[in-house]
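# Observations on the three-dimensional arrangement
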Amino acid sequence: MAKIQVMSDLLANKIAAGEVVERPASVVKELLENSLDAGATEILIELQQAGLEMIRVADNGSGIDSSDVPLAFERHATSKILDDKDLFRIQTLGFRGEALPSIAAVSRLQIKTRTSTEQAGTCLHVEAGRITDSTVSAAKQGTEISVQDLFFNTPARLKYLKSMQTELGHVVDFVEKMALARPEVAFRLYHNDRLLLQTPGDGVILHAAAAVYGRELVKQMASVAWENYDYRITGLAGFPELNRANRNHCTFFVNGRYIKSYLLFQAVVNAYHTLLPINRYPVCILHIQLDPSLVDVNVHPTKLEVRFSEEKDLSISVQQAIRSALEQHSLVPKAVAKQIASERQPQTQQTPLPQTSLPQTQPEQPAFGSKQRMRQPSLKFDYPARVNGGSSDPKAAREAAIHLYQTTHTDQQTAKNQIHGENQSTVEPSAPFSAEATAAAKHLPDGTDESVMEEAAEAKEAPAIRFRPIAQALGMYVIAESVEGLYIIDQHAAHEKVLYEKFRNRLREKQIHPLPLLVPLTLELSSSESEKLVSQMSILSELCIEVEQFGRGSFLIRSVPDIWDGLDTQRLTAELIDELLMEQVKDPRALIEDKIIMKACKSAIKANRWLSMQEMNALCEQLAKLENPYTCPHGRPIIIHMSTYDLEKQFKRVM
Ligand SMILES: Nc1ncnc2c1ncn2[C@@H]1O[C@H](COP(=O)(O)OP(=O)(O)OP(=O)(O)O)[C@@H](O)[C@H]1O
Ligand SMILES: [Mg+2]
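Just so you know, these numbers come straight off a predicted model, no measurement behind them.

Criteria and thresholds
Residues numbered from 1 in each chain as written. Chains lettered and ligands numbered in written order. Predicted model: local features only at pLDDT ≥ 70, side-chain atom pairs only at ≥ 80, totals over all residues. Heavy atoms only, no water. Salt bridge = Lys/Arg side-chain N within 4 Å of Asp/Glu carboxyl O. Buried < 20%, exposed > 50% of the residue type's maximum accessible area, 1.4 Å probe, protein only. Helix = DSSP H or I, 4+ residues; strand = E, 2+ residues; numbered from the N terminus. Pairing = 2+ DSSP bridges. Axes fitted to C-alpha atoms, helices over the stretch in contact; angles between N-to-C directions. Contact = heavy atoms within 4.5 Å.

Attention shifts here to the pattern of salt bridges. On inspection of all chains with the given rule, the structure shows 21 salt bridges. Across the pair Lys29 and Glu30 runs a salt bridge, and its minimum N-O distance is 3.8 Å. For the pair shown, Lys29 and Glu30 are each scored as buried. Glu33 serves as the salt-bridge partner of Lys29, at 3.3 Å between the closest nitrogen and oxygen. With Lys29 and Glu33 both in helix α2 (residues 24-37) and four residues apart, this pair spans about one turn of that helix. For the pair formed by Lys29 and Glu33, the shared burial category is buried. One salt-bridge network, in which partners are shared between bridges, spans Lys29, Glu30, Glu33 and Arg96.

This is the structure we're talking about:
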């Protein structure tokens, strides 16, 4: 007897709903996407009890023609694609014709809608997938959909939901992403009649980001605007000091669609290479526009993941976009600006009297960024604070955002001018610097660090920051001056960066050679470690680390790169192999190269090493010639700047 039957539409919709509607946030996502596809410029989202009791989304988009309204609740009914050619050039957020029937299958839904050409609107009630009522009704142009009692007929679903706070968090998170995706749309989000988010909808990403993350945070971000033949990349990229302990603060939109992408995240991390401390991640919002045929959005049921056809090109483009955005801005941390309470408690009252003698022991290195991190506004969302600070008046929100932009823009411009100088023509390149450095390179006084001097002699291009060392403090810092103020330079970090760049260039130009180890290093490895090492042996050998296997898990290291000359080569080799075996290696060559260079940098001058004036000159000159002299290879700051104006303000010479 035949057993197979085609299931009813109602049952099919209920099953499909399992994939599309996982939680209240999925309903908000689908309704918002529909509103955006309908060309809305204003969208109001209201929730009761995190959306479990009620979700209402109202837009001023195109509306749905009265004859189409029942069809919108049929599965696979869509106005967005017609044939399979469209499927590979999708320009809308929706295209499956699944969302409305799925939502309606697991809730009590009401839709009110009117197009611009209709006199009256349509109102339809759907309960558990069945149309229960349809009337002609007065309605504004656009669409308003209310979803009540979500999952009332699939109670098992309710069990999987998390706490109300968590569910609300998912909704807010998604609406924030949409607000960042479409700065030209004004969003308002209410929960239990409390305004949680409002964006001005004026098309400026900075204003939308200010509404989402707060003014202080976006002040620490650079604008990204980059394009080539295939891609247009815009958005905001955090300055390196704005960094986070987890990876969730890089947000990507592709042709206006919010997506998650490890490829793009990795590209961003590469762009910040050496700019961030270890285990810290950047903050960015990137919009990528590309030909729809270069991206496949139909690879994931929730459309959150996409596939790019030219992954490598895209990755390089993203890196370039971010790098060029960051290069527009000075990355030198400002000393005085960082004293939060300086206005109320002048520095002079807090600073202890200078010691008459310098400490004999090595002073403890300040933990990187402890102050900076304290100052950084948290990305943790503080709803009440934002709501109280916000205004329910869209005009006021827009004005506040415009004010923010002006302040931000001016701040950034001022900072830029202070370092690179609009008035650079008045700051002549300081001839004595290079003259002194070159002279010093020829006549090394006793005890002068030759490596520092050699690097100065190798320097070719004109310095970007022009400063003159005047003294060394605490055995650790070079104090330098220019007409733009004082600079405090961490001598170890500075020299480490100079060496890093020098060795990186040598490696790139294949200017390194094997240095035989007098006593080869012996390694005993487990079988999985052996396998891993064997797979990297050819790269290691190209990079002058000769590894020889003699027996199953026994290896001899016979040579190391000559840039390690003078260092504890045995220890460095053992460390490098250990790290190599520990890491998940994606790009082994890049990883090994980086580790070789980082280890070579151990020869950098240490703290508590007193420098002659020539050495300081040489170091500053070298530093000034680097593309990025602001952060060391570990991402820590190298230079702190105290502008002339800041000093005058501190001493109350100007008010
Ligand atoms: N807010 C709205 N304004 C105008 N038309 C809408 C709106 N919401 C839905 N529609 C219409 O209803 C149709 C069905 O919507 P539904 O969300 O189910 O499918 P879709 O958006 O086409 O695809 P997907 O399932 O991928 O979201 C849409 O194609 C659209 O024509
Ligand atoms: Mg849709």
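Remark on secondary structure: sheet strands pair via backbone hydrogen bonds, oriented parallel or antiparallel. What the three strands build is an open sheet, ordered β21-β23-β22; its pairing is antiparallel. In this open sheet, the two strands that pair with only one neighbour each are β21 (514-524) and β22 (546-549). Averaged over all neighbouring strand pairs, the angle between strand axes comes to 20 degrees, with direction disregarded. Examined bridge by bridge, β21 and strand β23 (residues 554-561) share seven bridges and lie antiparallel to one another. Following the sheet pairing, Leu523 is matched in β23 by Phe555. Relative to β22, helix α18 (residues 527-542) is tilted by about 140 degrees, and along the sheet it contacts β21, β22 and β23.

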